[in-house]
Amino acid sequence: MSERTARRPLLLAVVALAASLLAIVLPAAASSAPPGCANRTNTTYQTLLQCVTVEGVRAHQAAFQEIANDNADPFYPGTRAAGTDGYQGSVDYVAGLLEDAGYDVTLDPFEFQFNFPALLHQLTPVNATYPTGSFTGSGTGDVTGAVIPVDINLTPPRANTSGCEATDFAGLDFSGPNNIALMQRGTCSFGIKALNAQTAGAEAVIIFNQGNDPTREALIVGTLLPDGAAVTIPVVGGSFANGVALAQPGSTARVRVLAPETRTDFNVIAELEGANDENVVMAGAHLDSVTEGPGINDNGSGSAALLETALMMARIEPENTLRFAWWGAEEEGLIGSEAYVADQVATGDIDDIALYLNYDMVGSPNYVFFVYDGDNSDNVGAPAGPPGSKEIEDVYEAYFTARGIPYKGTDFSGRSDYGPFIATGVDIPAGGLFTGAEGIKTAEEVGLWGGIAGAQYDPCYHIACDTFAGTGSGTGSTAPGRGLIALEVNSDLIAYAQLTFAFSTETVNGVPGKPVPGSGGFTP
């Protein structure tokens, strides 16, 4: 990514902020706003930014963590993924606070395919659960039984034809119930291996990686198609090391692949009507996590910051109608936002949406300050956003510049919920903030923002350590609390942008508005 960066240093103010954030002790209550804020009409930048605090945002993140902890289930412990009780608890939490604040709240339903996790659990001679996944085209079933190695070769260079020929199964007893064929990657397709095992009488299949070079050591999960189109038994993958463990004499295991279910979940939509109800300022953040963890940065950070902003703006009388959204099943492919936009297009209501602001990961521990590049002025390959997107970008960049904080542009890559809004034929101007996911921080970026070069922006991206403690500890950074610096800065900027567009979108879509009350001479 090329740079279009405001290069003034972070200055002593950010250093002082880091020190103060280390001393935060969260109260038990969900709202940690300063006294009087919840009942104040925060119509000015000064009053709103005073009331939207990192303590308040972190209180919501703590609530999301508690929801994940309290709603563990046998399939997805400690998660807030769409389709789980943890997600439903998150919906109830967000919707309840917004209703209490006076918003018109709608639970917007959508259907999606809920996929259960595959399971590979060795029972004897060791007891261990291994990372796994089901192969594309796998059948379904839950099988516990003896593991029978099929012509595997654990001796370097580990060349094999495991399961590629019917003769590989000669002399192996698959006549009893619940036998599991253990096969090694190599020579023929996964589909041929699985189909031969099924024909021989196996009731489940494990295919582990070959182990002949470093690129073939890790977990392997592939497709059985087209050769294994007739496979009806469960087929899961394993790493080479796990295959070695499963190949021990007397090995027994459990293999489970369950059929997906069609489930209904909900986006949370909250609206505050303005003087102009045909010019809607919309902002959103996805509320769901991945299945592997509670998702307190991805995307508890955006969800919490947007929630605190909405709560602190509940008493204003905006010129434009404000609509906040917490999306479901983003991690399954933007399903909630796609369904919402499709419905808005079908009813013709999409024309009322003046702009869309997206907040997906705004407190990454090894952070950068990214702004979505509305006009593709960074020239890194992705198309520009719809007309008006540059003017949204300008609002964020002016704020960063005024505070002396470096920033960089980032592409509309289609990876988050702005995607349906900027799609051709919808063409809603969009913008937003992003502090980084699995991308790797460069030495140049460390010079701008600190942190660790060569490490992910979010070291816990899409894994179990994306927790309340992990987002506050500075995991993967040079100092504790670094992610809270990003969360503090971006929470203020989210509130600043929302109040700006609450009173006027004229620069974006030409609809006249009014100045933010008391904004004359205001400097962020």
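It should be noted that the structure appears before, not after, this text.
Residues numbered from 1 in each chain as written. Predicted model: local features only at pLDDT ≥ 70, side-chain atom pairs only at ≥ 80, totals over all residues. Heavy atoms only, no water.

**What to know about the overall build of the protein**
Along the backbone of the protein there are 14 helices and 15 strands. In summary, the protein has a C-alpha radius of gyration of 26 Å against a globular reference of 24 Å for 524 residues, a match within 12%. Dimensions of the protein, computed from C-alpha atoms along their principal axes, come out at roughly 85 × 50 × 45 Å. Across the 524 residues that make up the protein, the buried fraction comes to 56%. Of all intrachain contacts in the protein linking residues separated by at least 6 positions in sequence, the fraction that spans at least 24 positions is 79%. When the accessible surface of the protein is summed, it comes to about 19,400 Å², and 54% of that surface belongs to carbon and sulfur atoms. Of the charged side chains in the protein, 22 are positive and 60 negative, and the gap between their average positions amounts to 9 Å. (Helix = DSSP H or I, 4+ residues; strand = E, 2+ residues; numbered from the N terminus. Rg over C-alpha atoms; globule rule 2.2 N^0.38 Å. Buried < 20%, exposed > 50% of the residue type's maximum accessible area, 1.4 Å probe, protein only. Contact = heavy atoms within 4.5 Å. Areas by Shrake-Rupley, 256 points an atom, 1.4 Å probe, with all protein chains shown as cover. Lys, Arg positive; Asp, Glu negative; His and termini not counted. Charge placed at Lys NZ, Arg CZ, Asp CG, Glu CD.)

**Some remarks on the pairing of strand β8 (residues 252-257)**
When a strand is regular, its side chains alternate between the sheet's two faces. Bridge count between strand β2 (residues 119-124) and β8: five bridges; the pairing is antiparallel. Of the residues in β8, the one forming a bridge with His121 is Arg254. Bridge analysis of strand β4 (residues 141-149) against β8 gives six bridges, and the strand direction is antiparallel. Of the residues in β8, the one forming a bridge with Gly141 is Val257. (Pairing = 2+ DSSP bridges.)

**Quick look at the sheet that holds strand β10 (residues 276-286)**
As summarised here, the arrangement of the eight strands in space is β1-β9-β11-β10-β12-β15-β13-β14, forming an open sheet in which the pairing is mixed. Of all strands in the sheet, those bounded by a partner on one side alone are β1 (104-114) and β14 (408-410). If you compare each strand with its neighbour and ignore which way they point, the axes differ by 25° on average. Across four bridges, strand β12 (residues 353-359) lies against strand β15 (residues 430-434) in parallel orientation. (Axes fitted to C-alpha atoms, helices over the stretch in contact; angles between N-to-C directions.)

**Side note on the packing of helix α3 (residues 54-70) against helix α7 (residues 300-312)**
Their axes nearest at 8 Å, the elements α3 and α7 cross at an angle of 125°. When the axes of α3 and α7 are compared, the pair comes out oblique. Remark: the crossing between α3 and α7 carries right-handed chirality. Together, Gly56, Val57, His60, Gln61 and Phe64 of α3 and Gly300, Ser301, Ser303, Ala304, Ala305, Leu307, Glu308 and Leu311 of α7 make up the contact between the two elements. Among the residues forming the contact of α3 with α7, the class breakdown is six nonpolar, six polar and one charged. (Parallel < 35°, antiparallel > 145°, perpendicular 65-115°, else oblique. Left-handed = near helix turned anticlockwise from the far one by under 90°. Nonpolar A, V, L, I, M, F, W, Y, C, P; charged D, E, K, R; others polar.)

**What about the state of the cysteines?**
Using the criterion set out here, one finds three disulfides in the structure. The partner cysteine of Cys164 in its disulfide is Cys188, sulfur to sulfur 2.0 Å. Around the S-S axis, the bridge from Cys164 to Cys188 shows a dihedral of about -90° and counts as left-handed. Here Cys164 is found in the loop between β4 and β5 (180-184), whereas its partner Cys188 is found in the loop between β5 and α5 (190-200), with 24 residues between them in sequence. Residues Cys164 and Cys188 agree in their burial class; the two are buried. Cys460 shares a disulfide with Cys465; S-S distance 2.0 Å. When the S-S torsion is -110°, as for the bridge of Cys460 with Cys465, the disulfide is left-handed. (Disulfide = S-S within 2.5 Å.)

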